[in-house]
Amino acid sequence: MIRSLLVALSVTVALPALALPALAQQAPAPAQSAAAAPAPQDQAAPAGQTPAPLEVSVTGGVSAPMPIAIPAMPTAEVVDTPAGRTDALGRQMADIIANDLRNSGLFTPLGSNQLRPVGFQEVNAPAFDYWGGTGAQALVQGFVRANGDGNLTIGCYLYDVFSKIELKRTGFVVAPADWRRAGHKCADMVYARLTGEGPYFDSRVVYVSETGPKAKRIKRLAIMDQDGANHRFLTNGQSIVLTPRFAPNQQSIVFMSYENDKPAIYVYDLGSGRPRRVVQNVSLTFAPRFSPDGRWILFSMAQNGNTDIYRVSSQGGTPQRLTTSPGIDTGGSYSPDGSRIVFESDRSGGQQIYVMNADGSGQQRISFGGGRYATPVWSPRGDLIAFTKLGGNFRIGIMSPSGSGEKILTDGWQDEGPSWSPNGRVITFYRSTPGSSGKADLWMVDLTGQVERKIPTPLDGSDPAWGPLRP
C-alpha cells in the first residue's frame, strides 16, 4: 500500500492497495514529534548576497554538469523491514537518486561514499559551510523511517548550497515493496526543480528480451523500471513477440505475437497476466499502438498484397481503414492530443514519413532530407517526431512535425526503434551489432545527442517502449 504524506504524520489519506502516491506539497520535518513544524520551503538568502537562480540548462548540451551532494539518508531508529534495515535503505535511496541524476547527463553527484554521514536532526538544518566545501552547488538530503503499520516514511529535501535556502521538498508513505519508487520520485523532484523540465525517472520500459542464435531467437515480453531494476518476464518465449507498447493507463500492453505461427495483435493485461487477441479472422496484423486516450489501437494490416493503417476499438470490433495508397503504410503514432497520426509509407518509391488527421484525411509527406525514414513516433510534448534514418548505418533522429529541423542523434551500426521518455527529453532505442551474432541492446540518448548510455538488461533486448510517468 502507498499513502500520500501530509505535513503531520498522523494525518494521511489511504489509497487502494498498490495505488500510486499523491505527492504532498510539503514533507514533514524530520523531528521525533509528528506535530513538529516543518522548516519553511523558501528562506531568505544571507544579507549582502543576491544569489542567481540555481538551475541547469537542458539545451545545447552540458559542458559542466552541476555538482550535487547526495549523502545517505539517515533514520531516526534502525529497524528491520521487509525491504531491509532502514539505515541500509537510506544508503540505497541516496544511490538511486544519484544514479538517476547522473544518467541524465546534467549532474555530477557526490555520493554517500564521498561525504560524511548526516545526522537525523540535520536533514532540515543543513551544515551549509561543510557542503560548500565539497564543491557541491546543490544538496539533496532526506530520511527513512519505519512506521508502526509496516510502511515506510521517506522525506526528500533540495537545497541551494550557496544561497543556503531550501528549494523544495517532497515526501511519501510507501509499502516496503515500493521503496525504490520513492527514490525515483525524489530524483524527479530534484530534476524538475533544477531544469524546469518535466520528470521522467519514475517510469517503466517494456521491451522484447532476446536470447539464442540469430537464426533462432527466443523473444519474450519483459518489463522493468527505466533504470533496469524490478525486471520481470511477461511471456515464456514459446511464441515470438514484437513491438510492445503501453496503454496510457499502464494497465495493459499491446503487442504483436506469432501465436501458432500466425502474426496477430494482442493486448496483455498486467493485472491478470492474460493476453487477448484484438482483431479476429484476419491475416497479418502488426505495428500496434494505443491512442492517447486509450480508446483506439492503431495498427497495420496486409491484405491482397497491400498494407494499410487501420484503427480498432481497444475492446475489439471491426477495424476502420485510414490509408488506401498502394504500397506499405505502417508505423502509425498519434500526436499527444490524438488529432493527428505520423506514419511511414513507401508510396513515393522509398520509405518516408507522412502525417495525416486522425480520421485518415489530409495525408502529406514531411521527410525530404535524403535517404529513407522509418518507425516515426510523436513526442509526448508534441514538438518533435523521432525516427530511424536508413542508409548505410541505421541512426536515430528527430524533426519537427512539419519536417523541418532534422537532427541525427546517434551513430551506431544499427540504431532503430525510438521511444520517448514521458517528458520528451530522452529517447530509448535498440542497437544491434554487426556479424552473425546479431546481439541487440537497449540504449538511451538525450535531445542534444551528447548524453548516451546503455540500459542494463539480463539478456539482449530490442523494441523498447517507454511508458508514461507513474502517478
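Residues numbered from 1 in each chain as written. Predicted model: local features only at pLDDT ≥ 70, side-chain atom pairs only at ≥ 80, totals over all residues. Heavy atoms only, no water.

Thoughts on the overall build of the protein
- Each helix and strand counted, the protein has 3 helices and 33 strands in total.
- Taken across its 471 residues, the protein has 55% of its residues classed as buried.
- Counting contacts in the protein only where the partners sit at least 6 residues apart, residues at least 24 apart contribute 48% of the total.
- When the accessible surface of the protein is summed, it comes to about 19,100 Å², and 50% of that surface belongs to carbon and sulfur atoms. (Helix = DSSP H or I, 4+ residues; strand = E, 2+ residues; numbered from the N terminus. Buried < 20%, exposed > 50% of the residue type's maximum accessible area, 1.4 Å probe, protein only. Contact = heavy atoms within 4.5 Å. Areas by Shrake-Rupley, 256 points an atom, 1.4 Å probe, with all protein chains shown as cover.)

Re the pairing of strand β21 (residues 329-334)
- Among the 6 residues of β21, 6 are classified as buried, and the element is accordingly described as predominantly covered.
- With 4 bridges connecting them, β21 and strand β22 (residues 340-345) associate as antiparallel partners. Note that in β22 the partner of Tyr334 across the bridge is Ile341.
- Taking the residues between adjacent antiparallel strands as the criterion, β21 and β22 are bridged by 5 residues, where Gly338 takes a positive phi near 75°. (Pairing = 2+ DSSP bridges.)

Observations concerning the side chain of Asp188
- Among the structural elements, Asp188 can be located in helix α3 (residues 179-195).
- This buried residue, Asp188, is left without a salt bridge; Lys185 holds the nearest opposite charge, at 5.4 Å.
- Asp188 has contacts with Pro199, Tyr200, Phe201, Asp202 and Leu469, leaving out every residue within four places of it along the chain. (Lys, Arg positive; Asp, Glu negative; His and termini not counted. Salt bridge = Lys/Arg side-chain N within 4 Å of Asp/Glu carboxyl O.)

Focus on empty space enclosed by the protein
- Overall, the coordinates contain 3 cavities of 30 Å³ or more when judged by the stated rule.
- Considering only enclosed or pocket space, the largest cavity measures out at about 90 Å³ in volume.
- Lining the largest cavity are 13 residues, with Asn103, Ser104, Tyr200, Val426 and Met444 sitting closest to its centre.
- Take the lining of the largest cavity: its biggest share by element is 3 residues, from strand β31 (residues 440-446).
- Looking at the lining of the largest cavity, its residues break down into 6 nonpolar, 3 polar and 4 charged. (1 Å grid on protein atoms, 1.4 Å probe; cavity = no way out; pocket = protein on both sides within 12 Å on 5 of 7 lines; lining within 4 Å. Points joined across faces, edges and corners; volume = space filled by probe spheres on them. Nonpolar A, V, L, I, M, F, W, Y, C, P; charged D, E, K, R; others polar.)

Quick look at the state of the cysteines
- One pass over the full model with this rule turns up 1 disulfide.
- A sulfur-sulfur distance of 1.8 Å marks the disulfide that ties Cys156 to Cys186. Handedness of the Cys156-Cys186 disulfide follows from its S-S torsion of about 45°: it is right-handed. Here the residue Cys156 occupies a position in strand β8 (residues 152-160), and Cys186 occupies one in helix α3, the gap between them amounting to 30 residues. Take Cys156 and Cys186: they sit in the same class, and that class is buried. (Disulfide = S-S within 2.5 Å.)

Description of the sheet that holds strand β13 (residues 241-246)
- Across the sheet, 4 strands lie side by side as β13-β14-β15-β16; this open sheet has antiparallel pairing. The sheet terminates laterally at β13 and β16 (275-277), the two strands that pair on one side only. For this sheet, the mean angle separating the axes of adjacent strands, direction not counted, is 25°. (Axes fitted to C-alpha atoms, helices over the stretch in contact; angles between N-to-C directions.)

Things to note about the confidence of the model for the protein
- Looking at the protein, the pLDDT average stands at 87 and 87% of residues meet or exceed 70.
- Every residue in residues 1-49 scores below 50 in pLDDT, and together they form 118 contacts with partners more than four places removed in sequence or on other chains. (pLDDT = per-residue confidence, 0-100.)

Let's talk about the layout of surface pockets
- Put simply, the largest pocket is a space of about 750 Å³.
- If you trace the largest pocket, you find 32 residues lining it, with Thr243, Thr375, Glu416, Tyr430 and Asp463 closest to the centre.
- Counted by class, the lining of the largest pocket contains 11 nonpolar, 12 polar and 9 charged residues.

Looking at the sheet that holds strand β26 (residues 385-390)
- Across the sheet, which stays open at both edges, the 4 strands sit in the order β25-β26-β27-β28 with antiparallel pairing between neighbours. Of all strands in the sheet, those with a lone pairing partner are β25 (372-378) and β28 (407-408), marking the two edges.
- Two elements, β25 and β26, share 5 bridges in a ladder whose sense is antiparallel. Across the sheet, the residue bridging to Tyr373 is Lys389, located in β26.

Re helix α1 (residues 86-103)
- Compared with an ideal rise of 1.5 Å per residue, which puts 18 residues at 26 Å, α1 spans 26 Å between its outermost C-alpha atoms and is within 8% of the ideal.
- All buried positions along α1 are accounted for by Thr86, Asp87, Ala88, Leu89, Gly90, Met93, Ala94, Ile96, Ile97, Ala98, Asp100 and Leu101.
- Positioned one or two residues after α1, Gly105 has a phi angle of 80°, which is positive. (Expected span 1.5 Å × (residues − 1).)

Here we look at the pattern of salt bridges
- Scanning the entire structure with this criterion turns up 20 salt bridges.
- As a salt-bridge pair, Asp202 and Arg181 come within 2.6 Å of each other at their nearest N and O atoms. A residue pair is termed long-range when its members are at least 10 positions apart, and Asp202 in the loop between α3 and β10 (204-211) and Arg181 in helix α3 qualify at 21 residues. Of the two residues examined, Asp202 and Arg181, each falls in the buried class.
- Its salt-bridge partner being Asp308, residue Arg321 comes within 2.6 Å of it at the nearest N-O pair. Here Arg321, found in strand β20 (residues 320-321), pairs with Asp308, found in strand β19 (residues 306-313); they are 13 residues apart in sequence, far enough to count as distant.

Concerning the pairing of β8
- Burial analysis of β8 places 9 of its 9 residues in the buried class, the great majority of the element.
- Neither face of β8 is exposed, since Leu152, Ile154, Cys156, Leu158 and Asp160 on one face and Thr153, Gly155, Tyr157 and Tyr159 on the opposite face are all buried.
- Between strand β7 (residues 138-146) and β8, which pair antiparallel one after the other, the connecting turn spans 5 residues, and Gly150 there sits at a positive phi close to 95°.
- Taken together, the 9 bridges between β8 and strand β9 (residues 165-174) define a ladder with antiparallel strand orientation. Looking across to β9, one finds that Leu152 is bridged to Val174.
- Adjacent in sequence and paired antiparallel, β8 and β9 are bridged by 4 residues, among which Lys164 carries a positive phi angle near 60°.

Brief notes about the nonpolar core
- Ranked by internal contacts, the top residues of the largest apolar core, which has 47 residues, are Ile68, Leu101, Phe107, Ile154 and Leu194.
- A total of 8 residues in this core trace back to one element, the largest contributor, which is α3. (Core = buried A, V, L, I, M, F, W, Y, C linked by side-chain atoms within 4.5 Å.)

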